[in-house]
Amino acid sequence: MSRKNVGRNHTRVYFFPYLVEMKKILILVSAIFFNSLTLEAKAQTPYSPIIGPWQFRSNQTSDGLWQCQMVTYLPNRAGLLSINISDPSRKMSIFLEKSGWDIPDGTQVPIDIVFEKHGLINFMGYGKGDAIIIIPNEEQKIKFLIRSTFSKNFILHFIKGNEGVWFVTGKYMKEAMKNMSTCLDYIHQLSQPPTQPY
C-alpha cells in the first residue's frame, strides 16, 4: 500500500514541471493570438484606411537641410504618412496628412502606434491644419525603428476625435529602411568639413 502511494507521489512530482511548461506555452500562444486578433479587429473597421506600400525619397528642406524620407499614401492619395530623418542631428519626425482635417495650430493629438505582436508606443502629435507632426524623443525613435523592422504591419490609433484607425502595411518597408540608412550615411559625409593636413 505504501509503495503505491510513493509511486503516485513520484508520478505527480515527475509530471509537474511539464505541466508548468505547457501552461506557460499556452499563455504565450494565446497572448500572441489575441494580440493579433485585436490588431486585425481594429484594422478592419469600415472607416480604416489601408496605407502602403512604402516608398523612399530624399530632399532638401527650406533651410537647406538634407533629409531622408519613407513615405506611404492613403488610398487615392487622400493623405500620407511620412517618416523623416535629417542629418547631422538625425532627429526623426513623423508627419501625417489627410484632406478634410482642420486642426487648430498647436492642438495636442495623442496617437498610439500599435505594432503586430510587439506592443504599442504612445506619441503626442501637434496639429497644423490638415496635418499632424510628431517629434519622438530618442527612446521612442529607437523603439519605433526596431519594432517597425520586425513587425509586418502596424496601426495608428487616434485616441481622441472620430478618425478611424490607419492600418499600415509593411510592404517594401525593409527596402525603404535600407535606403534610409544609406541616405543618412551619404548626407552625413557631405556635412563633414574637409580634412586639412596642417
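To keep things clear, this report deals only with the structure shown in the data block. (Residues numbered from 1 in each chain as written. Predicted model: local features only at pLDDT ≥ 70, side-chain atom pairs only at ≥ 80, totals over all residues. Heavy atoms only, no water.)

1. Details of the overall build of the protein
The criterion, for reference: Where helices and strands are cited, they refer to DSSP runs of H or I of at least four residues and of E of at least two residues respectively, numbered from the N terminus. Two residues qualify as a contact provided that any one of their heavy atoms is within 4.5 Å of a heavy atom in the partner residue.
Each helix and strand counted, the protein has 3 helices and 10 strands in total. Moving toward the C terminus, one meets the helices and strands of the protein in the order α-β-β-β-β-β-β-β-β-α-β-β-α. Across the protein, every contact between residues at least 6 apart in sequence was considered, and the portion connecting residues at least 24 apart equals 53%.

2. Here's the deal with the side chain of Gln67
Quick note on the threshold: Buried residues are those whose accessible area, probed at 1.4 Å on protein chains only, stays under 20% of the maximum for their type, while exposed residues exceed 50% and partly exposed ones sit between those limits.
Along the polypeptide, Gln67 turns up in strand β3 (residues 66-73). Assessed through its relative accessible area of 15%, Gln67 is described here as buried. Every residue in contact with Gln67, bar those within four places of it in the chain, is listed here: Arg57, Ser58, Asn59, Thr61, Asn84, Ile85, Ser86 and Ile187.

3. Some points on the sheet that holds strand β7 (residues 119-128)
As a general point, the strands of a sheet are linked pairwise by backbone hydrogen bonds and lie either parallel or antiparallel. In plain terms, the rule: Here a strand pair is declared whenever DSSP counts at least two bridges between the two strands. All axes are obtained by fitting lines to C-alpha atoms, using only the stretch in contact for helices, and the reported angles, taken between N-to-C directions, cover 0 to 180 degrees.
Taking strand neighbours across the sheet as the criterion, the 10 strands line up as β1-β10-β9-β6-β7-β8-β5-β4-β3-β2 in an open arrangement whose pairing is mixed. The open sheet has two edge strands, β1 (50-51) and β2 (55-60), and neither has a second partner. In the sheet, strand β9 (residues 153-158) pairs with strand β10 (residues 166-169) via 4 bridges, with the strands oriented antiparallel. Across the sheet, Ile155 pairs through a bridge with Phe167, a residue of β10. Sheet strands in contact with helix α2 (residues 138-150) are β4 (79-86), β5 (92-98), β6 (108-115), β7 and β9, and its direction is about 120 degrees off that of β7.

4. A short note on the environment of Gln140
Structurally, the position occupied by Gln140 is in helix α2. Residue Gln140 is classed as buried on the basis of its relative accessible area, which comes to 19%. When residues no more than four places from it in sequence are discounted, the contact partners of Gln140 are Ile121, Asn122 and Phe123.

5. A few points about the state of the cysteines
Applicable threshold: We call a pair of cysteine sulfur atoms a disulfide when they lie within 2.5 Å.
Inspection of the entire model under this criterion finds 1 disulfide. Two residues, Cys68 and Cys183, share a disulfide whose sulfurs are 2.0 Å apart. Disulfide Cys68 to Cys183: torsion about the S-S bond roughly -85 degrees, handedness left-handed. Taken together, the residues Cys68 in strand β3 and Cys183 in helix α3 (residues 173-191) connect sequence positions 115 residues apart. The two residues Cys68 and Cys183 agree in class, both being buried.

6. Some words on the packing of aromatic side chains
Convention followed: Stacked, tilted and edge-to-face are the three classes applied to pairs of Phe, Tyr and Trp rings, where Trp contributes its six-membered ring and a pair requires centres within 6.5 Å; stacked means planes under 30 degrees apart, edge-to-face means over 60, and tilted covers the rest. Both a distance and an angle decide whether a charge sits over a ring: NZ of Lys or CZ of Arg must be within 6 Å of the ring centre and within 35 degrees of the ring normal.
Scanning all chains against the criterion turns up 6 aromatic pairs. Seen from their ring centres, Phe115 and Phe144 are 5.8 Å apart, and the 65 degrees between their planes marks the pair as edge-to-face. Separated by 29 residues along the polypeptide, Phe115 in strand β6 and Phe144 in helix α2 bring together distant segments of the chain. Here Phe144 falls in the buried class, since its relative accessible area comes to 2%. The interplanar angle of 75 degrees and the centroid separation of 6.0 Å between the aromatic rings of Phe144 and Phe154 together place this pair among those described as edge-to-face. Taken as a pair, Phe144 in helix α2 and Phe154 in strand β9 lie far apart in primary sequence, 10 residues in all. An identical accessibility class is assigned to Phe144 and Phe154; each is buried. In this structure, Arg77 is placed above the aromatic ring of Tyr73, and the distance from its NZ or CZ to the ring centre is 3.8 Å.

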